[in-house]
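Geometric and topological summary
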Amino acid sequence: MKDIYLDCNATTGVLPAAVAAASAAMAHGYGNPSSTHATGLQARAMMDGVRALARRLLGSGEGRLMFNSGATEGIQTAVLSALCALRERRDAGQRIGSLLLYGATEHKAVPESLAHWNRLLGLNLTLRALPVDSDGRHDLAVLDELIGETAMLCTMAANNETGVISDLTAIAQLLEERGAHACWMVDCVQALGKLQLNLAATRIDYAPFSGHKLYAPKGIGMLYVRAGAPFTPLIMGGGQETGQRSGTENMAGIAALGAVLAALDDGVTFRSHGELAQFRMRLAASLQSALPGLVFNMPFALSLPTTLNFSVPGVSSKELLDLFDAAGVRVSSGSACSASKALPSYVLEAMEVPAWRASSAIRMSFGPLTDEATIVAACERIERCGQALRASCLLPSAPAPLAPLAPSSAVRDGVTELSVDGRSTWLLADAASSSCVIVDPQAALVPRLAAFVRCQGYRVQAIVHTDAPRDQGAARQSLQEALAIDSTDAFDAQGRLAFGAGLRRIDCGDTQVYLLGNSLAFTGALDARVVAALLSPDLVTPDTVLCGSRDDGSICATVRPVQPAVAPALQLDTAGLAAWLPAHPDAIVVDVREAHEQAACMGQVFDGHAVHSVPLSRLAGAVAGWLRAPQRPIVFFCRSGNRSMKAAQCLRRLGHQQSFSLNGGLALAPR
Ligand code: PLP
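Since the model is a prediction, treat every value here as computed from it, not as a measurement.

This structure, assessed with the given rule, holds 1 disulfide. The side chain of Cys393 participates in a disulfide bridge whose partner is Cys455; the two sulfur atoms lie 1.9 Å from each other. Looking down the S-S bond of the Cys393 and Cys455 bridge, the torsion is -65°, so its handedness is left-handed. Within this pair, whereas Cys393 is found in the loop between α12 (372-391) and β14 (414-420), its partner Cys455 is found in helix α13 (residues 446-456), the two being separated by 62 residues in sequence.

Structural data, given as C-alpha cells:
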C-alpha cells in the first residue's frame, strides 16, 4: 500500500529536480563560494543565480535577501534586528511604544523569539497577542487601538494549521493611516508558491521563508529585509552573505532551492490556484460524505487552497489520526496530544471555535505538486476510513449501522474501555441478549455511548458507578435522556443482574465493585482495602482481571502482587522480530490497534503469520485467557509502538514474562 502524504504544511517531499541539483552541487559544484579559484567561482555563480531568481520572484527590490537555515532562524534575525534598533532608539531618548504585538495564531517560533530577545536585550516590553476573528483573521479594530503603542508587529501571511490568509493589505493600510513606526515582520513560510508576493512594493520590513515547505530540503531558508529596515546579524564569523549571516553556505540546499524556484518560475511545474482549489473541493466532499457531522474549521474562501482543517463530533484527533494512518493517509493532528489528554489547538482556540472542535481537529494539507491520481486515491481511502468508523458504531453522527468491513470491526460483544482525561468508562456488551451495561459514564462520552447503543439496537440493562461520580450523576442522567430511558438499575435485592455471565454488585465501603462472572471485576479505587475485601470471601480468583475507573495507562490488574520484569527486554525491533518469530513457532501475534483502524488498513500485515486482533481498549477481556498456563509468548504491535508497549507492560506486570512489543510499530516495519 503506497502512502498518501497529505501533511505538506508540516513539510514536503523534495522535488526530483531539487534532489538532482543538490546532488550535482555535492558531487561536482562543491566549491566554497568564498574561494577565489575557479571551483569557488563556479559555486558562487550558482549561488548568485539562485539569489537573483529569488529576488525576482519575491520582488525584493533594493532589500536584502540572505540564505539561512530556515524560517526559525529568519524569525530570530528579524526579531533581533528590530529589537536592537528599538533599544538604540529608546537609549537615544526616542519614543518606541511599549508593545511587542503578534497575531494570536502565529507559529510558536514568533512569540518565543520575541520573549527570548526581549528578555536577553533587557527591553522589557510587553508581549501582547493580537486577537483574530472567527475566520482566523486579525482583529483590525484591536490593531487600530494598539498600533500607537506597538514597537514591533508580527503577523503571518497564511496560517499553517488552518491555511487562513491574512489581510495584509488592510494591515498595511492601517499602519499607513496611523503613521505607525512599528517594525513589521510577516512570516511568509506558508505563502511561498501559493500566494503572489511583491515584497518591496509593501510596507513589510522582514519576511522569513523556509525551503522545506515547498519541495526543497530541510535546513535551507531565506530572509528578506526591506531596504532601510534595521538589521543586526544573528551569526558573526567569516563574513559570508556579505557579513549578514556568517558560516559557509549550505550550497546543496541553495542549489535545491534554486531548482524549486526555477519550477515556480516556469509556470507549469506547480498547479494553479484554480486546480488546487478543485482538489480541495474533492477532498472536502469525500470527507463530508465519509464522516457525517464533520465540521470544517476554516473559511474556504479565505484560506490557502491546499489546506483543510476539520473536526468530527465524538471522535478525537488521535483516533482520526490513527485511522487515517492505518489507511496509509498521512495527516496531522491540529491539536497537540500529551500522555492522556488532548491539548486543544491554540490557533482554533484563538478563533473561538467550540472547545470540542479545538481539541479534536485534523489538518489535511497538500502542495502545488500534488497530482490528480493522489487526490483520487485519497478520496477512496477517506471513504474506506469513514466506512470503518461507521461500522464500529462509535460515530455519534452516523446512527445507521453499517455492515462491518471486517468481522472484528463492530464491538458487539465483550468489554471495551473508553478513556477521557485519565478516567475510564467501561462498556460491557452482550451480543446474545443484545444488551449492555455501562460502568462509570463520563459526560464527554455520552454522544458516543448513545450512538453505540442506538446503532447496535442494544438495550441498556444498567448504568452504574464504582465511585461517587464527580459530576453527581449528570453524565448518567444525560445518557438516559439521550437514549430516552427512565431507570436503568435492574439489580435485584442481592445485587445481581442477569447479564452475560452474571453481574454482581459488591459493596466495598465507598467503592462498588461489579463482578462479571468471576473473570472480570470493575472497580473504582484499586487499593489494598478493596483487594482485601474481594479476597476475603473469595469473590475473585487470582486470575480475575480488575478494571479500574482511573486510566493511569496500566489497563488492568489482578489481585496478585505486581510482578517485577525478569524476562528479556520488552521491545523487539522489526529485524529482531523476523528472527524471533521462527524461533517461537507457538508465539501469538496481536494487533492492538482499534477495530476501525484494522478495518481501514489495506493489505496484509506480517505475511505468513496469523494475526490476532485485540484492540487495546478490549485488552482487559483477553488478558485472563493469556495468563492461564501454559503461557505462550506474545508479541503486540500497533501503529507507532505506544499502545503495544502498554499491552506488553500490562501483561508483564500480571506475570506473563514472555510478552513483547514491536518497537516503533508498523510505522517502522518494512513495506
Ligand atoms: N512559521 C510557520 C508558519 C511555519 O509553518 C513553520 C514551520 O512549521 C515555521 C515558521 C518554522 O519553519 P522552519 O521549520 O523552517 O524553522
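Still more to cover.
Now for the site of the ligand. Close to the ligand lie Gly70, Ala71, Thr72, His107, Met156, Asn160, Asp187, Val189, Gln190, Ser210, His212 and Lys213, which account for all nearby residues. Contact between the ligand and Ala71: an oxygen atom at 3.0 Å from a main-chain N or O atom of the residue. At 3.0 Å from an oxygen atom of the ligand is found a side-chain nitrogen or oxygen belonging to His212. The fraction of the free accessible surface of the ligand (390 Å²) that becomes covered by protein chains is 85%. Residues of the shell around the ligand, tallied by class, amount to 3 nonpolar, 7 polar and 2 charged.

Axis separation between helix α18 (residues 619-627) and helix α19 (residues 642-653) bottoms out at 11 Å; the angle between their running directions is 45°. The angle between the axes of α18 and α19 places the two elements in the oblique class. As for how α18 packs across α19, the hand of that crossing is right-handed. Every residue of α19 that contacts α18 at Leu619, Val623, Trp626 and Leu627 is listed here: Ala647, Cys650 and Leu651. In terms of residue class, the contact of α18 with α19 is built from 7 nonpolar, no polar and no charged.

An order of β23-β27-β26-β24-β25 is seen for the 5 strands of this open sheet, with the pairing classed as parallel. A single partner strand is all that each edge strand has here, and the edge strands are β23 (571-572) and β25 (611-613). Where strand β24 (residues 588-591) lies against β25, 3 bridges are found, and the strand directions are parallel. If you follow Asp591 over to β25, its bridge partner there is Ser613. α19 contacts β23, β26 (634-637) and β27 (659-662) of the sheet and is inclined by roughly 170° relative to β27.

For the rest of this paragraph, the subject is the confidence of the model for the protein chain. A residue-level look at the protein chain finds 94% of positions with pLDDT of 70 or above and a mean pLDDT of 91. Low pLDDT, under 50, characterises residues 404-409; the predicted model gives this stretch 15 contacts beyond four residues in sequence or across chains.

An α-helical turn contains 3.6 residues, so a residue and the one three or four places further along point in the same direction. Taken together, the buried positions of helix α15 (residues 528-535) are occupied by Val530, Val531 and Leu534. Viewed along the axis of α15, the buried residues span an arc of 100°, placing them on a single side of the element. Where α15 is buried, its residues touch β20 (511-516) and β22 (545-548).

Turning to the pattern of salt bridges, a few remarks are in order. For the coordinates displayed, the defined rule picks out 23 salt bridges. Arg51 is the salt-bridge partner of Glu241, the closest N and O atoms lying 2.8 Å from each other. A residue pair is termed long-range when its members are at least 10 positions apart, and Glu241 in the loop between β8 (221-225) and α7 (251-266) and Arg51 in helix α2 (residues 38-58) qualify at 190 residues. Here Asp322 and Arg639 are joined by a salt bridge, their closest N and O atoms 2.8 Å apart.

For the rest of this paragraph, the subject is the sheet that holds strand β18 (residues 496-497). In a beta sheet, neighbouring strands pair by backbone hydrogen bonds and run either parallel or antiparallel. Strand order in the open sheet formed by 5 strands is β18-β19-β20-β21-β22, and the pairing between neighbours is mixed. Only two strands of the sheet have a single partner each, and these edge strands are β18 and β22. As defined by bridge partners, β18 adjoins strand β19 (residues 503-508) across 2 bridges and the pair is classed as antiparallel. Considered in β19, the bridge of Arg496 is made with Arg504. Along the sheet, α15 contacts β19, β20 and β22; its crossing angle with β20, the most-contacted strand, is approximately 45°.

Criteria and cut-off values
- Residues numbered from 1 in each chain as written.
- Predicted model: local features only at pLDDT ≥ 70, side-chain atom pairs only at ≥ 80, totals over all residues.
- Heavy atoms only, no water.
- Disulfide = S-S within 2.5 Å.
- Helix = DSSP H or I, 4+ residues; strand = E, 2+ residues; numbered from the N terminus.
- Near = heavy atom within 4 Å.
- Polar contact = N/O pair within 3.5 Å; in protein donor to acceptor, adjacent residues only side chain to side chain.
- Areas by Shrake-Rupley, 256 points an atom, 1.4 Å probe, with all protein chains shown as cover.
- Nonpolar A, V, L, I, M, F, W, Y, C, P; charged D, E, K, R; others polar.
- Axes fitted to C-alpha atoms, helices over the stretch in contact; angles between N-to-C directions.
- Parallel < 35°, antiparallel > 145°, perpendicular 65-115°, else oblique.
- Left-handed = near helix turned anticlockwise from the far one by under 90°.
- Contact = heavy atoms within 4.5 Å.
- Pairing = 2+ DSSP bridges.
- pLDDT = per-residue confidence, 0-100.
- Buried < 20%, exposed > 50% of the residue type's maximum accessible area, 1.4 Å probe, protein only.
- Arc of directions from axis to C-beta.
- Salt bridge = Lys/Arg side-chain N within 4 Å of Asp/Glu carboxyl O.

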